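A structural walkthrough
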Amino acid sequence: MLYMFHCTDKAGAAQVRVDNRPAHLAYLESNADRIFVAGPLLSDDGQGMVGSLLIVDCADEAAAKAFADGDPYAKAGLFESVEIRAWRRVYPKA
């Protein structure tokens, strides 16, 4: 099942993101076969990163939570909040 992860960075945590980006990208690469889409959420001016949006194939809600908890960004305390919801692709048709 696909799960959507909407992660919002803590205010003032840009350096935490920069410091942990290589480990975060390596984590995504190690799970590439499960990732439908992933990328940063941008500030209003499009210049800064303020969060993350991912859609990942996980066996169930517990596996989705484990995936989120394993992200180096989460381990570093970057996120103010993480919303995880089951998601279904409707369009474009697969």
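In what follows, the structure referred to is the one given above.
Below or above, wherever it landed, is the structure these notes cover. Numbering of residues starts from 1 in each chain and follows the order in which that chain's sequence is written. Whole-chain, interface and lining totals are the exception, using all residues; otherwise, since this is a predicted model, local features are given only for residues with pLDDT of at least 70 and side-chain atom pairs are given and counted only at 80 or more. In computing side-chain properties, one takes all heavy atoms of the structure into account and sets aside hydrogens as well as water.

1. Let's talk about the overall build of the chain
Here is the rule: Strands are runs of DSSP state E lasting at least two residues, helices are runs of H or I lasting at least four, and both sets are numbered from the N terminus onward. Computation of the radius of gyration draws on C-alpha atoms alone. For the globule rule, the value is 2.2 Å times the number of residues to the power 0.38. The buried label goes to any residue with under 20% of its type's maximum accessible area, the exposed label to any with over 50%, and the partly exposed label to all in between, with areas taken from a 1.4 Å probe on protein chains only. In what follows, a contact means two residues having at least one pair of non-hydrogen atoms within 4.5 Å. Throughout, the Shrake-Rupley method with a 1.4 Å probe supplies accessible areas, and for residues the shown protein chains are the sole cover considered. The charge count includes Lys and Arg as positive and Asp and Glu as negative, but it does not include His or the ends of the chains. Throughout, a charge is located at the NZ atom of Lys, the CZ atom of Arg, the CG atom of Asp or the CD atom of Glu.
The secondary structure content of the chain amounts to three helices and four strands. For the chain, whose C-alpha radius of gyration is 13 Å, the value lies close to the compact-globule estimate of 12 Å for 94 residues. Looking at the chain as a whole, 29% of its 94 residues qualify as buried. Of all intrachain contacts in the chain linking residues separated by at least 6 positions in sequence, the fraction that spans at least 24 positions is 71%. Of the roughly 6,000 Å² of accessible surface on the chain, 54% is carried by carbon and sulfur atoms. Side chains of the chain give 10 positive and 13 negative charges; the mean places of these two sets differ by 5 Å.

2. Quick word on the pairing of strand β3 (residues 49-57)
We count it as follows: The pairing criterion for strands is at least two bridges between them, as found by DSSP.
Here strand β1 (residues 2-9) runs beside β3; their pairing, made up of seven bridges, is antiparallel. Its bridge partner lying in β3, Thr 8 is registered against Gly 51. In the sheet, strand β2 (residues 35-42) pairs with β3 via seven bridges, with the strands oriented antiparallel. Opposite Gly 39, over in β3, you have Leu 53 as the bridge partner. Linking two consecutive strands that pair antiparallel, namely β2 and β3, is a turn of six residues; a positive phi of about 75 degrees is found at Gly 46 within it.

3. Brief notes about a nonpolar patch on the surface
Test applied: Patch rule: a residue counts if its relative accessible area is over 30% and it has no salt bridge; like charges are joined within 9 Å, and nonpolar side chains (Val, Leu, Ile, Met, Phe, Trp, Tyr) within 5 Å. Here, a salt bridge means any Lys or Arg side-chain nitrogen found within 4 Å of an Asp or Glu carboxyl oxygen.
Taken together, the side chains of Phe 36, Val 37 and Trp 87 define a hydrophobic patch exposed on the protein surface, amounting to about 250 Å² of accessible area. Note on placement: Val 37 falls in strand β2. We classify Val 37 as partly exposed; its relative accessible area is 38%.

4. Structural notes on the packing of aromatic side chains
Which entries qualify depends on this criterion: Aromatic contacts are taken between Phe, Tyr and Trp rings whose centres are within 6.5 Å, Trp giving its six-membered ring; a plane angle under 30 degrees counts as stacked, one over 60 as edge-to-face, and the others as tilted.
Under the counting rule described, the total for this entry stands at four aromatic pairs. Among the aromatic residues, those joined into a cluster by ring pairs are Phe 5, Tyr 27 and Phe 67.

5. A few points about helix α2 (residues 61-70)
Rules: Think of the arc as the fan of directions from the helix axis to the C-beta atoms. Counting of polar contacts relies on pairs of N or O atoms within 3.5 Å, with two restrictions inside protein: one atom must be capable of donating a hydrogen and the other of accepting it, and residues adjacent in sequence are counted only when both atoms are side-chain atoms.
Those residues of α2 lying buried are Ala 64, Phe 67, Ala 68 and Gly 70. For α2, the buried positions fall inside an angular range of 165 degrees around the axis, keeping them on one side. Of the surrounding secondary structure, the elements contacted by the buried residues of α2 are β1, α1 (14-30), β3, α3 (72-75) and β4 (79-87). One side-chain oxygen at the N-terminal end of α2 lies 3.2 Å from the backbone nitrogen of Ala 62; it belongs to Asp 60.

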